[in-house]
Amino acid sequence: MASEESDSGRRIPATAEAIVDLLNSRPHGPAFPETLQDPETASTVLRPFGQPAAERPSPQRMAKIRGLRTTLMDIITAPDSAEAAPGWARLAERASPVTLRQDFSEPGKVRLRQVGGDPVLGGITLAVAELISDGTWPRIRICANERCDHAFYDTTRSRTQRWHAYDTCGNKSNVAAYRARKKARPGG
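Here the residue numbering is sequential within each chain, running from 1 through the sequence in written order. Only residues with pLDDT of at least 70 get local features here, since the model is predicted, and only at 80 or more are side-chain atom pairs given and counted; chain-wide, interface and lining totals rely on the full set of residues. Computation of side-chain values: all heavy atoms of the structure, hydrogens and water removed.

**Student:** So what exactly am I meant to see when it comes to the overall build of the protein chain here?
**Tutor:** Working definition: helices are DSSP H or I runs of at least four residues, strands are E runs of at least two. Numbering for both runs from the N terminus. Helix and strand counts for the protein chain stand at six helices and four strands. Listed N to C, the secondary structure of the protein chain is α-α-α-α-β-β-α-β-β-α in terms of helices and strands. Burial status across the protein chain gives 37% buried among its 188 residues. In this analysis, two residues are considered to be in contact whenever any of their non-hydrogen atoms come within 4.5 Å of each other. Looking at the protein chain alone, contacts between residues at least 24 apart form 44% of all its contacts between residues at least 6 apart. Here the accessible surface of atoms and residues is derived via Shrake-Rupley with a 1.4 Å probe, and residues count as covered only by protein chains that are part of the display. Carbon and sulfur atoms form 52% of the exposed surface of the protein chain, whose accessible area is close to 11,200 Å². Per-residue accessibility, obtained with a 1.4 Å probe over protein chains only, is compared with the maximum for each type, and a residue is labelled buried under 20%, exposed over 50%, and partly exposed between these values.

Take a look at the structure:
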């Protein structure tokens, strides 16, 4: 998956785009069914995390990935860090079968490298670790339109993007809020 250029001109890192695609594979909103049920679609969504193109993910792998995806959603939708803490603990538990080692082969840099466990689960774990390390994890959000719940990457400089797409969700929310205010006014 290539990084996309957003309306604000900022690029979405490929790792963040892959995590957003994973999160959006869950059933959400009226128009988005579970997409990991289809082995071909699941392979496409999981390819950035190490899923071999010629291999279909096993049912055991899919169960683990769905659990991990649910845990990531719990973390992202938590209103604050205190309420996200149990989700982070569950993430550590779900990732515990993955063995990682530090790689100091490049001068001045350290990189985590997977040496054991499911490679796709490890790929997702490494992607989350990368986003946390580079400070972009908080940019992954859920659309403020309650009927949508689509995950997106906030590309705004101020980190205040509320909707995954302004033209569909933001505009509808603003019009609905305006109409509600107008109706609530005396004579409105």
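**Student:** Just to check I follow, could you spell out the pattern of salt bridges for this structure?
**Tutor:** Pairs may arise between side chains of opposite charge once their charged atoms sit close together. A pair is scored as a salt bridge if a Lys or Arg side-chain nitrogen falls within 4 Å of a carboxyl oxygen belonging to Asp or Glu. One pass over the full model with this rule turns up eight salt bridges. Two residues, Arg66 and Glu34, come together in a salt bridge whose shortest N-O distance is 3.8 Å. In this pair, Arg66 is assigned in helix 3 (residues 59-77) and Glu34 in the loop between helix 1 (14-23) and helix 2 (39-46), connecting sequence segments 32 residues apart. The residue Arg113 makes a salt bridge to Asp103 at a minimum N-O spacing of 3.8 Å. One end of the pair, Arg113, is in strand 2 (residues 111-116); the other, Asp103, is in strand 1 (residues 99-103), and 10 residues separate them in sequence. Salt bridges here are not isolated pairs; linked through shared partners, they connect Glu34, Arg66 and Arg69.

**Student:** Would you mind going over unusual backbone geometry with me for this structure?
**Tutor:** With glycine set apart, most residues show a phi of negative sign, and most peptide bonds adopt trans. With phi around 60 degrees, Asp149 is a residue other than glycine that occupies positive phi space. Checked against the element boundaries, Asp149 lands in the loop between strand 3 (140-142) and strand 4 (151-153). A relative accessible area of 29% places Asp149 in the partly exposed class.

**Student:** Looking at this structure, how should I read helix 3?
**Tutor:** One full turn of an α-helix is made of 3.6 residues, so residues set three or four places apart face in the same direction. Given a helix with a known number of residues, its expected span is that number minus one, times 1.5 Å. In this model, helix 3 (19 residues) spans 27 Å end to end at C-alpha, consistent with the 27 Å of a helix rising 1.5 Å per residue. Three or more residues of helix 3 are buried, namely Arg61, Met62, Ile65, Gly67, Leu68, Arg69, Thr71, Leu72, Met73, Ile75 and Ile76. Here the buried face of helix 3 lies against helix 1, helix 2, helix 4 (81-95), helix 5 (119-133) and strand 3.

**Student:** Mind showing me how you'd approach helix 2 here?
**Tutor:** Within the sequence span of helix 2, burial applies to Ala42, Ser43, Val45 and Leu46. Down the axis of helix 2, the smallest arc covering the buried residues is 165 degrees, so these residues share one side. The inward-facing, buried residues of helix 2 contact helix 1, helix 3 and helix 5. Throughout, the arc means the angular range of directions from the helix axis out to the C-beta atoms.

**Student:** Looking at this model, I keep getting lost on the nonpolar core. Mind explaining?
**Tutor:** Most often, soluble globular proteins keep nonpolar side chains buried together rather than apart. We call a set of buried residues a nonpolar core when its members are Ala, Val, Leu, Ile, Met, Phe, Trp, Tyr or Cys and they connect through side-chain atoms within 4.5 Å of each other. Ranked by size, the top nonpolar core spans 34 residues in total, and within it Ile19, Leu22, Phe49, Ile124, Trp137 and Ile140 carry the most contacts. Put simply, the parts of the chain that give this core at least two residues each are helix 1, helix 2, helix 3, helix 4, helix 5, strand 3 and strand 4. At seven residues, the largest contribution of residues to this core is made by helix 3. Beyond its immediate chain neighbours, meaning those up to four positions away, Ile19 contacts Phe49, Ile124, Ala127, Val128, Leu131, Trp137 and Ile140.

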